[in-house]
Amino acid sequence: MAAKHYGSFTILDYSEEKSPTSFSFGGITALNIAGFLTQFGNLRTAIGNIITGTIQKEKWVGDDTVLSNTPPAASASQVELKWLVTYEGATTKKKFHYEIPTPDTDKLVPGSDEADMTDTDIAAYVTAVEALAKSPDDDTEGINVLGMRMVGRNI
Amino acid sequence: MELLLSVLPADGSWITFDQFKAQAQAVGARIDLWRRGKQQGLLETRLPDGYTSASQLEIRKVV
């Protein structure tokens, strides 16, 4: 079993609820930590541009930093809504998914619940996460983002 | 895909993603195919270290 390396960003919504988005990546070494921190920062920025909530906290092995406790101003920023990100292992093509709270609905394809993959903020997010994240099954295997969809409760 | 790739510099130099979208739109290319092109290794995207705006996203053809 390969070692597990993972991190998360915690998102704060309008009603001051919190929800995390988590991801896997390769092992951190003295040789790659500078590059890792750059990619981690890029991913934080990229997520911030595709959601409406506040990135409240980030975490990876050895880092647990509160970034902000200020809730977002938009009342529609709610953790009950998510980006559902579907991705695959770049080699195995095995499919996985994860969620990001408080999606920015301005990034949707009009008349759908699909993210506009041609939106520059979405493209930057895809670039940032594909540069950093690895398959949960193999921390040396890269990933391909296949799509992003807004999901929530439908009672 | 060929039409989309045709809007990228032939020498593999980087242009911004926003420039790429504008040029692709001008020739009627399907911009969404950039994902497939990246997965197939035909093009690549990058962000500068410590980037602050998605307008800094760049794309190039792999030559």
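Reading the values: the criteria
- Residues numbered from 1 in each chain as written.
- Chains lettered and ligands numbered in written order.
- Predicted model: local features only at pLDDT ≥ 70, side-chain atom pairs only at ≥ 80, totals over all residues.
- Helix = DSSP H or I, 4+ residues; strand = E, 2+ residues; numbered from the N terminus.
- Rg over C-alpha atoms; globule rule 2.2 N^0.38 Å.
- Buried ≥ 20, exposed ≤ 12 C-beta atoms within 10 Å, placed from the backbone.
- Pairing = 2+ DSSP bridges.
- Axes fitted to C-alpha atoms, helices over the stretch in contact; angles between N-to-C directions.
- Contact = placed C-beta atoms within 7 Å.
- Core = buried A, V, L, I, M, F, W, Y, C linked by C-beta atoms within 7 Å.
- Arc of directions from axis to C-beta.

Caption draft 1: Broad picture of the overall build of chain B. The number of helices and strands found in chain B is 3 helices and 3 strands. Reading chain B from its N terminus to its C terminus gives the helix and strand order α-β-α-α-β-β. A compact globule built from 63 residues would reach a C-alpha radius of gyration of about 11 Å, and chain B, at 11 Å, matches this within 12%. Dimensions of chain B along its principal axes, counting C-alpha atoms only, are 30 × 20 × 20 Å. For chain B, the proportion of its 63 residues judged to be buried stands at 30%.

Caption draft 2: Representation of the sheet that holds strand β5 (residues 82-89) of chain A. All names here are of chain A. The 3 strands lie next to each other as β6-β5-β7, forming an open sheet whose pairing is antiparallel. At either margin of the open sheet sits one strand with a lone partner, and together these are β6 (95-101) and β7 (143-151). Here the average twist between neighbouring strands, direction ignored, is 25°. As paired strands, β5 and β7 are joined by 8 bridges and run antiparallel to one another. Bridged to Thr-86 within β7 is Gly-147.

Caption draft 3: Structural view of the interface of chain B and chain A. Taken together, the contact between chain B and chain A spans 17 residues of the former and 14 residues of the latter. No other element matches helix α2 (residues 17-27) of chain B, which puts 3 residues into the side of chain B that touches chain A.

Caption draft 4: Focus on the nonpolar core. In this structure, A:Ala46, A:Ile47, A:Ile122, A:Ala124, A:Tyr125, A:Ala128 and A:Val129 are the most contacted members of the largest nonpolar core, which totals 45 residues. When residues of this core are traced back to their parent elements, those giving at least two are β1 (6-12), α1 (33-48), β5, α2 (120-132) and β7 of chain A together with α2 of chain B. Apart from residues lying up to four places away in sequence, A:Ile47 is in contact with A:Phe9, A:Thr21, A:Ile55, A:Ile100 and A:Tyr125.

Caption draft 5: Broad picture of α2(B). What α2(B) keeps buried is the set B:Phe17, B:Phe20 and B:Ala24. Along the long axis of α2(B), the arc covered by the buried residues comes to 55°, so they all point the same way. For α2(B), the elements touching its buried residues are α2 of chain A together with α1 (2-6), β1 (15-16), β2 (43-46) and β3 (58-61) of chain B.

The values reported here are purely geometric and, on their own, carry no functional implication.
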